[in-house]
Amino acid sequence: MIDKPIETVMRESNRDILIPADLVATVNQDNNLQHVFMVLTKVKYAKIPVLDNDNHFKGLVSLPMITELMMQDTGITSRPLEAIKVKQIMQKDVPTIYERDNLEAILRYLVDENFLVFVDADTHFKGIITRRELFKEINYLAHNFNKRYIALPVYNHKSKSETKNAKVHGSKGMIN
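Predicted model only: the values in this text are computed from it and were never measured. (Residues numbered from 1 in each chain as written. Predicted model: local features only at pLDDT ≥ 70, side-chain atom pairs only at ≥ 80, totals over all residues. Heavy atoms only, no water.)

## With respect to the overall build of the protein
Phase 1 of the analysis: From N to C terminus, the protein includes seven helices and 11 strands.
Phase 2 of the analysis: Expressed as a percentage of its 176 residues, the buried residues of the protein come to 31%.
Phase 3 of the analysis: Put simply, the protein shows about 12300 Å² of open surface, and 52% of that area lies on carbon and sulfur atoms. (Helix = DSSP H or I, 4+ residues; strand = E, 2+ residues; numbered from the N terminus. Buried < 20%, exposed > 50% of the residue type's maximum accessible area, 1.4 Å probe, protein only. Areas by Shrake-Rupley, 256 points an atom, 1.4 Å probe, with all protein chains shown as cover.)

Listed below in structure tokens is the structure:
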């Protein structure tokens, strides 16, 4: 669980960590891989969301998935990409989030992923939350925490054996 003071300061930022769907490059599940290869190359992303005709999130497709299919014994060719649809190779078991306020889940997923797909309850694609945007919020936290809170050190609780063997300094000298 995220400490409340940390979460409070992060929520004070006026920035939105969500990049809205209309600003995110996506492809349709029925597109062929040649089209997807061109889109990925043009936008310079390694992975993008895949949607159906009704804007439901279906999965992710990545450049390595496509380039693997392009490698042949005789070299690299794009010919196989024309006949293969995105839905045939896309990654379907993708973590998504539908609660923007769940900072703990967002942090947990972004440890391993560059972005997290945000959907509504009906799996309509609403946008992405990127590691970069979250780092901007952490930067805000790091520079604004002391404007609202005073951080005090936590006293370490020593184990019974450490306490028993500790030397205590008193007004009459050292006690073992």
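## Looking at the packing of aromatic side chains
Phase 1 of the analysis: This model, assessed by the stated rule, comprises zero aromatic pairs.
Phase 2 of the analysis: Its end group placed over the ring of Tyr 109, Arg 108 keeps NZ or CZ at 5.8 Å from the ring centre. (Phe/Tyr/Trp six-rings, centres within 6.5 Å; stacked < 30°, edge-to-face > 60°. Lys NZ or Arg CZ within 6 Å of the ring centre and 35° of its normal.)

## Points about the pairing of strand β8 (residues 115-119)
Phase 1 of the analysis: Burial within β8 is extensive, with five of its five residues counted as buried.
Phase 2 of the analysis: Side chains Phe 115, Val 117 and Val 119 project from β8 onto one buried face, and the interleaved Leu 116 and Phe 118 project onto a second face that is buried too.
Phase 3 of the analysis: Looking at chain direction, β8 and strand β9 (residues 125-130) are connected through five bridges and run antiparallel. Residue Val 119 lies in a different strand from β9, and its bridge partner there is Phe 125.
Phase 4 of the analysis: Following β8, the chain reverses through five residues before pairing antiparallel with β9; Thr 123 in that reversal takes a positive phi of roughly 65 degrees. (Pairing = 2+ DSSP bridges.)

## Concerning the sheet that holds β9
Phase 1 of the analysis: The strand order β1-β9-β8-β7 describes an open sheet built from four strands, whose pairing is mixed. The open sheet has two free edges, formed respectively by β1 (18-20) and β7 (96-97), since each of these has just one partner strand.
Phase 2 of the analysis: Strands in contact with helix α5 (residues 103-110) are β7, β8 and β9; relative to β8, the strand with the most contacts, it is inclined by about 140 degrees. (Contact = heavy atoms within 4.5 Å. Axes fitted to C-alpha atoms, helices over the stretch in contact; angles between N-to-C directions.)

Don't take any of this as a statement about function, it's just geometry.
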